[in-house]
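# Coordinate inspection notes
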Amino acid sequence: MSNRRSPVPTGRWPRPRPLSAQPNLLLLHLLAVALNGLSRCAHACGRPAGRGGLGTGGRLRTVPQDQPCPLLHRQPIAEVQAARPRRSTAIQEIRAKREHVTSGARLVRTWLAVTVGALLGVTPSASRDLSGSRPNILLLMADDFGIGDIGCYGNDTIRTPNIDRLARDGVMLTQHLAAASVCTPSRAAFLTGRYPLRSGMVSSNGYRVLQWTGVSGGLPTNETTFAKILKDRGYATGLIGKWHLGLNCESPNDHCHHPLNHGFDHFYGMPFSMMGDCICWELSEKRAGMERKLNVCFQIMAVAALTLTAGKLTHLTSGSWTPVIWSTMAAILLFTTRYFLGDLIVHADCFLMRNHTITEQPMRFPRTTSLILKEVSSFIQRNKQTPFLLFVSFLHVHTPLITTEKFRGKSVHGLYGDNTEEMDWMLGKILDTLDTEGLANSTLVYFTSDHGGSLESRLRNNQYGGSNGIYKGGKGMGGWEGGIRVPGIFRWPGVLPVGRVIHEPTSLMDVFPTVVQLGGGEVPQDRVIDGRDMLPLLLGTAQHSDHEFLLHYCENFLHAVRWHQRDGGRLWKVHYTTPVFHPHGAGACYGRGVCPCFGDQVAHHDPPLLFDLSRDPSEAHALTPDTEPAFYRVMDTISRAVEEHRRTLSPVPVQLDALGNIWKPWLQPCCGPFPLCWCDRENGQA
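Here goes a summary of the coordinates provided. (Residues numbered from 1 in each chain as written. Predicted model: local features only at pLDDT ≥ 70, side-chain atom pairs only at ≥ 80, totals over all residues. Heavy atoms only, no water.)

### Focus on a nonpolar patch on the surface
- On the surface, L313, W321, I325, W326 and M329 cluster together to form a nonpolar patch covering roughly 590 Å² of accessible area.
- Sort the elements by how many residues they give to the nonpolar patch and helix α10 (residues 322-349) lands first, with three residues.
- Secondary-structure assignment places W321 in the loop between α9 (287-313) and α10.
- Overall, W321 belongs to the partly exposed group, its relative accessible area being 40%. (Patch = residues over 30% accessible without salt bridge, like charges linked within 9 Å, V, L, I, M, F, W, Y side chains within 5 Å. Areas by Shrake-Rupley, 256 points an atom, 1.4 Å probe, with all protein chains shown as cover. Salt bridge = Lys/Arg side-chain N within 4 Å of Asp/Glu carboxyl O. Helix = DSSP H or I, 4+ residues; strand = E, 2+ residues; numbered from the N terminus. Buried < 20%, exposed > 50% of the residue type's maximum accessible area, 1.4 Å probe, protein only.)

Here it is, written out as structure tokens:
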């Protein structure tokens, strides 16, 4: 393995030179005359059929003839003018030049043709000129959200009207992929545009995410996030919601891994993550396992103390009473720790911060949703006069599925469905804020999830995790599609085509170069960036993704690789290692939090498993040399790609292994003298 860093192409394509997307009243009238008689536009007003999630062969349903096409519905001119986005100097210069065109008829014909082309979805250049454009950027990320739980991806039993509206008004990606199947490494890759292995945001011992707030591991300070680059370009940058990428290094207030140390001007939310242990729920991430271990240790020390005491009292042993005293004190300490462990976790991990100040410890969950929405609205209103980047990292739909009374019991899918529908409502309120402030047309909106839904979040007959549709596996499974295939929706009115569906492989890492270049920044050249600029693909000026190979890690172990064979239209997937499901024949590792990445509970395949996702998106039928003539050629091509990838890796400190991922009391954030961590500054109490 080489220690040298090899820069990779940043994925820049030539910028399109489209015409403005703001026709005047006369042109709208001419267009209406030209389009008279069009009663439907099914190509742009559909959604994927089926209820199990959209596969690579998904089709769009047509709009019934008795329903108007949303594309032909226009706002009143006064509203359009009020919502008109800020104009760049470059656009004004282009308009000035157009005023010198002597042939008005030619201009009208050009506008008419281009606008009709945009409505028919065949002319991506009908968007406004992006040279010098610096849109607001709103990134929305759900937590543990399954792709099979969204209407626009095929679900017809959970109501997600606002997410569906976002897809209907923008571009939907059907092969959007997380760089990891669990929270911490996936989010690190999203922010940096790099596989988490490159930043050390992985583990090798089973501790796959940060385990406590009071640990020293986290996103290294030498990593560059898209927030850091856009902040340097004059953007107001904010993060509201979940962080889960570390906080402190050496003291409880150094905040070396804090969002404000990674390019964000403003932070409000949880430094850690929502979890069942925040309400001492029966589905526990760490409390239940720790209680079992503490109970065993207590029993051992109690038996030792009793045995030593009996020996002293019966004169069977001689010597000092010191061992008796120490063993008794240890037993009492273990019992006390076990008894108060739930409260310790709630206070240690489940709190809110605003910038560097703890505002609520522990959290008061009935009001958390309203506090998050209030903070989002406040940030947008404060920064509406300048370009902003806002990353809203929802606490939904991670267990324990904290849901307000307004939405409890409303879904046919129990508490998970209630929580999903509440998140969709929150998303709608955020979009309404953009509309109210007149920012919708000047804001790029993106929605996704950090990874697939959790299949193991099940208690008796109740499922508390999401559905991944037709895709095999789920959260924690490094290679199977269900753990890494996530929703991907972009909307930018007047720029991105409406109702476009893209069946090309893309990654959460692609958001990094896409937003950096849109914001006028430069993709770093001093390190490998694995993401690719998606804008040409979104606009339609590029027909194929720039990703030929994508690698799928589980911790620091390579589990699978996909190859997008563009010339043959095939999408190959090779699995080197897969988890052993429990019980046998199940589709998950029930009885565990997540499936393991190594050890005796995984299967190593020689030869590797091969699937053709273009024909078998559910990974149900492994190909063999007898059934696939190209078997050995595919294996050889992917093997060479893996070797080339490994030559670009450099050794870095691993952040999630034991030393960086165990609780250190001296690093524990506390709004009072430790361990008296209690405050409610949201109500002015401390």
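### Some points on the side chain of S545
- Among the secondary structure elements, S545 is positioned in the loop between α15 (535-539) and β14 (549-554).
- A distance of 2.6 Å separates a polar atom in the side chain of S545 from the backbone oxygen of P505.
- Engagement of the side chain of S545 in a polar contact is seen with the backbone nitrogen of H547, the distance being 3.0 Å.
- Among residues more than four places away in sequence, those in contact with S545 are E504, P505, L537 and R566. (Polar contact = N/O pair within 3.5 Å; in protein donor to acceptor, adjacent residues only side chain to side chain. Contact = heavy atoms within 4.5 Å.)

### Thoughts on unusual backbone geometry
- Cis geometry is adopted by the peptide bond preceding P583, which originates at H582 and carries an omega value of -5°.
- Within the fold, P583 resides in the loop between β16 (570-579) and β17 (602-612).
- For the peptide bond that leads from D606 to P607, omega is 5°, which places it in the cis range.
- With phi around 55°, R460 is a residue other than glycine that occupies positive phi space.
- Of note, R460 is situated in the loop between β9 (458-459) and β10 (462-463).

### Overview of the nonpolar core
- L140, F145, I163, L390, F447 and I489 are the most contacted members of the largest nonpolar core, which has 65 residues in total.
- Ranked by residue count, the leading element in this core is helix α12 (residues 414-436), at eight residues.
- With residues up to four places along the chain from it excluded, the contact list for I163 reads F145, I150, C152, M423, D424, L427, F447 and I489.
- In terms of nonpolar packing, the next biggest core, distinct from the first, is built from 50 residues, A227, V516, L518 and C679 among them. (Core = buried A, V, L, I, M, F, W, Y, C linked by side-chain atoms within 4.5 Å.)

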